[in-house]
Amino acid sequence: MKIDNIDLTNFRNYKRTNLKLYPSKNIIIGNNGTGKTNILESIYLVANTRSFRANDDSEMILKGEESSRVIINTEGHDYKVIITKNGKNLFIDNTNIKKASDFIGHINAVLFKPDDLELFSHGPRYRRKTIDLELSKISKEYLNAILTYNKLIKDKNALLKENVIDDIYLNTLEDRMIKPISVIIKERELLIDHLDHNIKEYYAKLSGHHEDIKIEYKKCSEADYDSIKKMINDNHRRDLFYHYAVTGPHKDDYIFYFNGSEVINYASQGQKRLLMLSFKLSIVDYIIKRTDERPILLLDDILSELDIDNKRRLLSILPNNIQTIITATDIKDIDLKEDHRLFKLERRRNENGQ
Ligand SMILES: Nc1ncnc2c1ncn2[C@@H]1O[C@H](COP(=O)(O)OP(=O)(O)OP(=O)(O)O)[C@@H](O)[C@H]1O
Ligand SMILES: [Mg+2]
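Because the structure is predicted, anything quoted here is derived from the model rather than measured.

Participant: What is the right way to look at the overall build of the protein chain in this model?
Facilitator: The secondary structure content of the protein chain amounts to 11 helices and 14 strands. In summary, the protein chain has a C-alpha radius of gyration of 22 Å against a globular reference of 20 Å for 354 residues, a match within 12%. In terms of its C-alpha atoms, the protein chain occupies a principal-axis envelope of roughly 65 × 50 × 40 Å. Within the span of the protein chain, comprising 354 residues, buried residues form 52% of the whole. Counting contacts in the protein chain only where the partners sit at least 6 residues apart, residues at least 24 apart contribute 69% of the total. For the protein chain, the exposed surface amounts to about 17,500 Å²; the carbon and sulfur share of it is 47%. Distance between charge centres in the protein chain, computed from 57 positive and 55 negative side chains, equals 3 Å.

Participant: Help me out: how do you make sense of unusual backbone geometry in this one?
Facilitator: In most cases, non-glycine residues show a negative phi, while peptide bonds are predominantly trans. The backbone of D93 sits at a positive phi, close to 50 degrees, despite the residue not being glycine. Considering the arrangement of structural elements, one finds D93 in the loop between β6 (87-92) and β7 (95-97). Even without being a glycine, N94 presents a positive backbone phi close to 70 degrees. Following the sequence through the fold, N94 ends up in the loop between β6 and β7. Owing to a relative accessible area of 62%, N94 belongs among the exposed residues under this scheme.

Participant: Before we go on, may I ask you to explain helix α1 (residues 36-48) in this structure?
Facilitator: For an α-helix the count is 3.6 residues per turn, leaving residues at separations of three or four pointing the same way. Between its terminal C-alpha atoms α1 stretches 19 Å, which fits the 18 Å expected from 13 residues at 1.5 Å a residue. Taking burial as the measure, the 13 residues of α1 include 13 buried ones, the bulk of the element. Backbone geometry just after α1 places T49 at a positive phi near 60 degrees.

What counts, and where the lines are drawn
- Residues numbered from 1 in each chain as written.
- Chains lettered and ligands numbered in written order.
- Predicted model: local features only at pLDDT ≥ 70, side-chain atom pairs only at ≥ 80, totals over all residues.
- Heavy atoms only, no water.
- Helix = DSSP H or I, 4+ residues; strand = E, 2+ residues; numbered from the N terminus.
- Rg over C-alpha atoms; globule rule 2.2 N^0.38 Å.
- Buried < 20%, exposed > 50% of the residue type's maximum accessible area, 1.4 Å probe, protein only.
- Contact = heavy atoms within 4.5 Å.
- Areas by Shrake-Rupley, 256 points an atom, 1.4 Å probe, with all protein chains shown as cover.
- Lys, Arg positive; Asp, Glu negative; His and termini not counted.
- Charge placed at Lys NZ, Arg CZ, Asp CG, Glu CD.
- Expected span 1.5 Å × (residues − 1).

If you want it as structure tokens, here you go:
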């Protein structure tokens, strides 16, 4: 998958802008507030039908305007998102697509943003969400399993809060959970196994140092029917006592280790950044392995907090056959020998001359 062209109309700070992207590395430089992240956001919007930072879609409409439009042209197809204050419309080759799930996945983008480092410091819920998001794009079976499981766990928790509990209904819900739980655990195991093998190699290439990096999947059960059934039965009394389902894939976690210690307690800011980038690059590999599609890599502000050597190494390590868009405030420490296209953003004056 390669993007040829991005066309923005009334999107964030852009009145009208067109960017012709290079098939490999694209570097967008500009001072703070010039609209670098906004460009990545527009691509992310078309990939996922939502922003990674707006609470409300209408925040993406240029102030004072009624609607916003993003068009992305790839080899052979046009993807268009129109945002109005009343909602959004999705089009592929000018055909209106009604269901977001039919639009998502045509453009697959992997994004690094500075606050992704929260993966290491936030609680398990954040990590589950991150992994679920990636796996849902890779496997429709996983997406369906997660949606089914979430609905069942919601029903189970509601039932556990009732004064008199209908045992037959509870057993029915629990039996229905077994299959989706098995799919969820298997898919998570496969991904974590892949990451556990690949992250340290990327990290060594990016940092020039071999470190012992591990990811552990803390799962509620093995993925086979009997183990899941046993896990549910073993927790039955606790569920009834606490009035909610105390264990299951909705409580699983992923722990990142750096030289034997948890990353959160041990790694420096720069090391966390390189680790996160290694994580994203390993995800890209996994997407290719599973879907045969090459996702687009969006790297927002990746260079800050990296020392000169790491900055210089970074561009040469990024694979040339993956279309990558990197934002930075300056290029002074970037090794520009690599094949790339450079975009320079300038601060625009708005209509009031401010
Ligand atoms: N809806 C909107 N209408 C007009 N301008 C907007 C809108 N939303 C955001 N902006 C402007 O977009 C700019 C921020 O863009 P962006 O976050 O892409 O900057 P950036 O180049 O990534 O900066 P930094 O280097 O600080 O990350 C700000 O100047 C902000 O005022
Ligand atoms: Mg930015």
